[in-house]
Amino acid sequence: MTKGDRVVIAVVTLLVALLYGLLWNRGEGQWLEVARGGEVVARLDLTQNQEFHVRGLLGESVIQIRDGNAAFVDSPCPEKLCVRTGHLHHAGETSVCLPNGISLRVVAENTVYDAMNF
Amino acid sequence: MATTQVTVSAEDWRIAQLAALGIAIHVLEGAFPSLLPGVKPGLANVITLTVCFLYGWKAAVWVSMLRVLGGSLLAGTFMTPTFFLSLGGAVAMLMAMALLLWLGRGRFAGLTPIGVGVLAAVAHMLGQFVLAWALFVPHPALLGLLPVLLTAALVFGIINGWICHYLLKRLKTDDVVTAL
Amino acid sequence: MMRGALLFLVLWMLSGCGDDAPQREEFYAMGTVINLSFYGVTPERSKQLSEQVQQEFKRLHAQWQPWQNGELADINRALAAGQAASVSPAIQQLIEQSAVLSDRSDGLFNPAIGSLVKLWGFHQDVRGDVPPPSLESIQLLLQQNLSMHQLHLQGDQLRSDNPALQLDFGGFAKGVAVDAAIAKLRAAGVKDAIVNAGGDLRAIGSKGKQAWTIGVRDPRSPGVLASIAVRGDESVVTSGDYERFFEYQGQRYHHILDPRSGYPAKGLTSVTVMYPQASVADAAATALLVAGPNDWLRIAKQLGLQQVMVIDSQGRIFLTPAMQSRVEFVNAKTAVTVVSL
């Protein structure tokens, strides 16, 4: 093996490692976008368990992320349809709280679905 | 009745024999189930690689194309997706070797068969992948497979390169076929 | 060194066949979230187009919302007072088109039951979990035989035989608005786009070389049931009993009312219809959901539909043959029944 061979192997290894990072890190449902009135106000990592509070038209909506699933857990709206929607996980899934003007959307770098029919 | 005289040179024989060897390996390899879809050692590439080192790039083109054509005819995959993938891979690999020879002004830029083998295997895999993407399934999920495929290409490239290196060391230029 | 760099570059180009993602926009209108996707436009242009579409939706909503202020609300007030109302060409068209669809669906899609919708409280953006209306009040309305046949359009004058008749185009208006938005985008030179009004969507063109991928929600669990690849010009509309509902004393009441019983439709949880126009697809999806497990196929035939998927309350999935070839289930083992039209 010459120096050239080693350089080739090193460069190819590096490129492959880079590709792993590039293509494997953005699997399904990586991020949760929280929007208020259509404007994205937060981008939360779906792999981190967390609770997020956001102020909407009526008051504070509470969004929880647990084990890769996101959901509204509390909302000031009267019907609480958003809380009943349940958990989001796959890219493209959305949950909307119309009265409070807050929407959640799971996004990945290469979202699988262009639009959701619900 | 007019007859056409076909002269068969020694080099034609060699190419035919090496191509036949490539076909045999190609078909044998196809008979074994693969561990991962799309991942194969590509041992037939050893022949292409060795020929390129011994007899030059043009001979490698002949051997490789004959192998793709003959192999697919024998395996019954001619003009099927498998054939086009195989062809795409072979073309990409030959182009990579041509590029290397051009960069190194005819001497592979100071690389041994191992370095060339790795680059050839990666090119082979990328060629197949690009073709598969363009022709069959342009699905984002396929991209996730790419790093795995390239890792396999890297590993088998080194192994194949090493086999080629070993062959070249052991062989006198003219009796590759008999020695194999 | 130069040559090494060149080699690197070639490998890099081979590995990263760059994909340009579509532009996405989102806004609220007609009581729902509107999502837009554009392909092959700059982010600035995307914002501009979104602004235009938003204007269109707001304009149509003001015109078509049945109860507050606006043209349809004025018409409803006139009808209730037993007077004739003058009607703009846009609403004339809405009335005529919906009357045809209502007829073909045996009256299961029925925009004349506005009073019933109002009685249930589904006309409000936020209804709250208050009790459902009494059986007597529902039956009183049913006795009126509310139907589009009781409306008479002469020139731009609309009359009704029945002061109880109130118009509420509901989801159909959303479908018509989606069609209008697509027409507007086309006029603006847009070739590749999706307009999605909370499940009423129409897609034109494609995402470059790839088709648009539409995800259909699973009515039983959060998540995606199936995907549909759409290319060219097509609408996908899903009506489901899970979209809007309220609960009272443990009982669930959804917003799609059966004009025959006066109560929320029973038997099917979701209906997905594919058709060129979103307006027709929406009216059809509503009608089939109301039709229920025994009648949806017959109504689909009458409406001239080819591509339909329904899911009943036991979670069983039924598909027409043409639909089966379009739908790709996320779980390949999903059991389905194919039924011929």
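### Focus: the overall build of chain C
Within chain C, the regular secondary structure consists of nine helices and 17 strands. Across the 341 residues in chain C, those meeting the buried criterion constitute 45%. Residue pairs in contact within chain C that sit at least 24 positions apart in sequence constitute 58% of those at least 6 positions apart.

### Digging into the overall build of chain A
Helix and strand content of chain A: two helices and eight strands. Secondary structure elements in chain A, listed N-terminal to C-terminal, are α-β-β-β-β-β-α-β-β-β. Buried positions account for 39% of the 118 residues belonging to chain A. Put simply, 34% of the contacts in chain A that link residues at least 6 apart link residues at least 24 apart.

### Details of the sheet that holds strand 8 (residues 115–117) of chain A
If you walk across this open sheet you meet the four strands as 8(A)-8(C)-9(C)-16(C), and the pairing is mixed. Either end of the sheet is taken by a strand with one partner, and the two such strands are strand 8 of chain A together with strand 16 (327–329) of chain C. Each adjacent strand pair in this sheet contributes to an overall mean axis angle of 30 degrees, direction not counted. Relative to strand 9 (residues 224–230) of chain C, strand 8 (residues 212–217) of chain C is paired through six bridges, and the arrangement is antiparallel. In the strand pairing of strand 9 of chain C, C:Gly215 is matched with C:Ser227.

### Considerations on the interface of chain A and chain B
Listed by partner, the interface residues are 15 residues for chain A and 18 residues for chain B. When its residues are assigned to classes, the side of chain A that touches chain B shows 10 nonpolar, four polar and one charged.

### Side note on unusual backbone geometry
Positive phi outside glycine occurs at B:Met79, with the angle close to 65 degrees. Among the secondary structure elements, B:Met79 is positioned in the loop between helix 3 (57–75) and helix 4 (81–103). Notably, C:Asp106 is not glycine yet its phi reads approximately 55 degrees, a positive angle. Residue C:Asp106 is classed as partly exposed on the basis of its 17 C-beta neighbours within 10 Å.

### Describing the environment of C:Asp103
In this fold, C:Asp103 is placed in helix 4 (residues 89–104). On the basis of neighbour count, C:Asp103 is assigned to the partly exposed category, with 14 C-beta atoms found within 10 Å.

### Overview of the nonpolar core
C:Val195, C:Val273, C:Ala284, C:Ala287 and C:Leu288 are the most contacted members of the largest nonpolar core, which has 114 residues in total. Considering each element in turn, this core owes the most residues, 14 residues, to helix 8 (residues 278–302) of chain C. Beyond its immediate stretch of four places on either side in the chain, C:Val273 contacts C:Val237, C:Ala281, C:Ala284, C:Ala285, C:Leu288, C:Leu305, C:Gln307 and C:Val308. Counting residues in hydrophobic clusters, the runner-up holds 52 residues, among them B:Ile23, B:Ile47, B:Phe129 and B:Ala132.

### A closer look at helix 3 (residues 71–80) of chain C
Residue and element names in this part refer to chain C. By the burial criterion, the buried members of helix 3 are Leu-72, Ile-75, Asn-76 and Leu-79. One side of helix 3 carries all its buried residues, which in axial view fall inside an arc of 100 degrees. Buried residues along helix 3 sit against helix 2 (43–64), strand 3 (85–86), helix 4, helix 5 (114–120) and strand 5 (157–160).

### Thoughts on the packing of helix 2 (residues 44–55) of chain B against helix 5 (residues 113–135) of chain B
Residue and element names in this part refer to chain B. Where helix 2 contacts helix 5, the two axes come as close as 11 Å, and the packing angle between them is 130 degrees. By the angle between their axes, helix 2 is oblique relative to helix 5. When the axes of helix 2 and helix 5 are compared, the crossing they make is right-handed. Each of Asn-45, Leu-49 and Phe-53 in helix 2 lies in contact with helix 5, whose residues at this interface are Pro-113, Val-116, Gly-117, Ala-120, Ala-121 and His-124. Within the contact of helix 2 with helix 5, the residues separate by chemical class into six nonpolar, three polar and no charged.

### Section: the pairing of strand 13 (residues 268–275) of chain C
All names here are of chain C. Across the eight residues of strand 13, eight count as buried, placing the element largely inside the fold. Both strand 13 and strand 14 (residues 307–312) contribute to a ladder of six bridges, which runs antiparallel. The partner of Val-273 across the bridge, within strand 14, is Val-308.

### Side note on the environment of C:Gly232
Residues and elements named next belong to chain C. By secondary structure assignment, the location of Gly-232 is in strand 10 (residues 232–240). You can call Gly-232 exposed: it has 11 C-beta atoms within 10 Å. In the structure, Gly-232 is positioned 20 residues away from Trp-212 in sequence and 9.3 Å away in space, judged by C-alpha atoms.

### Brief notes about the sheet that holds strand 2 (residues 32–38) of chain C
Residues and elements named next belong to chain C. Strand order in the open sheet formed by nine strands is 1-2-6-7-10-13-14-15-17, with mixed pairing between adjacent strands. With partners counted over all chains shown, the strands left at the sheet margins are strand 1 (23–29) and strand 17 (336–338), one partner each. On average, adjacent strands in this sheet sit at an angle of 15 degrees to one another, irrespective of strand direction. Pairing analysis gives five bridges linking strand 2 to strand 6 (residues 193–197), with the strands arranged antiparallel.

### A few points about the pairing of strand 1 (residues 31–36) of chain A
A regular strand places its side chains so that they alternate between the two faces of the sheet. All names here are of chain A. One ladder, built from six bridges, connects strand 1 with strand 7 (residues 102–107); its direction is antiparallel. Looking across to strand 7, one finds that Leu-32 is bridged to Val-106. Sheet topology note: the strand 1/strand 2 (residues 39–45) ladder contains six bridges and is antiparallel. Directly across from Val-34, in strand 2, lies its bridge partner Ala-42. The turn joining strand 1 and strand 2, which pair antiparallel and follow one another in sequence, is formed by two residues; a positive phi near 60 degrees is taken by Gly-37.

### Description of the interface of chain A and chain C
On the side of chain C, 37 residues touch chain A, which itself brings 29 residues to the contact. Summarising the sheet, strand 8 of chain A and strand 8 of chain C pair through three bridges and their orientation is parallel. Paired with A:Asn117 across the bridge in strand 8 of chain C is C:Val216.

### Structural notes on helix 7 (residues 170–187) of chain C
All names here are of chain C. Helix length check: helix 7 (18 residues) gives 26 Å between terminal C-alpha atoms against 26 Å at 1.5 Å per residue, within 8%. For helix 7, the tally of buried residues reaches 13 of 18 residues, placing the bulk of the element in the interior. Phi turns positive one or two residues past the end of helix 7, at Gly-189, with a value near 90 degrees.

### Some details on the packing of helix 4 of chain B against helix 5 of chain B
All names here are of chain B. Relative to each other, helix 4 and helix 5 sit at 140 degrees, their axes nearing to 7 Å. As judged from the angle between their axes, helix 4 and helix 5 are oblique. For the pair helix 4 and helix 5, the sense of crossing is right-handed. Only Val-116, Leu-119, Ala-120, Ala-123, His-124, Leu-126, Gly-127, Gln-128, Leu-131, Ala-132 and Leu-135 of helix 5 make contact with helix 4, whose side of the interface consists of Phe-84, Leu-85, Gly-88, Gly-89, Val-91, Ala-92, Met-93, Met-95, Ala-96, Met-97 and Leu-100. Here the contact of helix 4 with helix 5 is composed, by residue class, of 17 nonpolar, five polar and no charged.

### A closer look at the confidence of the model for chain C
Residues and elements named next belong to chain C. Of all residues in chain C, 93% have pLDDT values of 70 or greater, and the mean over the chain is 89. Per-residue pLDDT, averaged within each element of chain C, yields its smallest value for helix 1 (residues 2–15) (45) and its largest for helix 8 (97). This stretch, residues 1–19, has a pLDDT under 50; its non-local contacts, to residues over four places away or in other chains, come to 10 contacts. For this predicted complex, the interface score ipTM comes out at 0.80, while the overall pTM is 0.61.

Calculation criteria
- Residues numbered from 1 in each chain as written.
- Chains lettered and ligands numbered in written order.
- Predicted model: local features only at pLDDT ≥ 70, side-chain atom pairs only at ≥ 80, totals over all residues.
- Helix = DSSP H or I, 4+ residues; strand = E, 2+ residues; numbered from the N terminus.
- Buried ≥ 20, exposed ≤ 12 C-beta atoms within 10 Å, placed from the backbone.
- Contact = placed C-beta atoms within 7 Å.
- Pairing = 2+ DSSP bridges.
- Axes fitted to C-alpha atoms, helices over the stretch in contact; angles between N-to-C directions.
- Nonpolar A, V, L, I, M, F, W, Y, C, P; charged D, E, K, R; others polar.
- Core = buried A, V, L, I, M, F, W, Y, C linked by C-beta atoms within 7 Å.
- Arc of directions from axis to C-beta.
- Parallel < 35°, antiparallel > 145°, perpendicular 65-115°, else oblique.
- Left-handed = near helix turned anticlockwise from the far one by under 90°.
- Expected span 1.5 Å × (residues − 1).
- pLDDT = per-residue confidence, 0-100.

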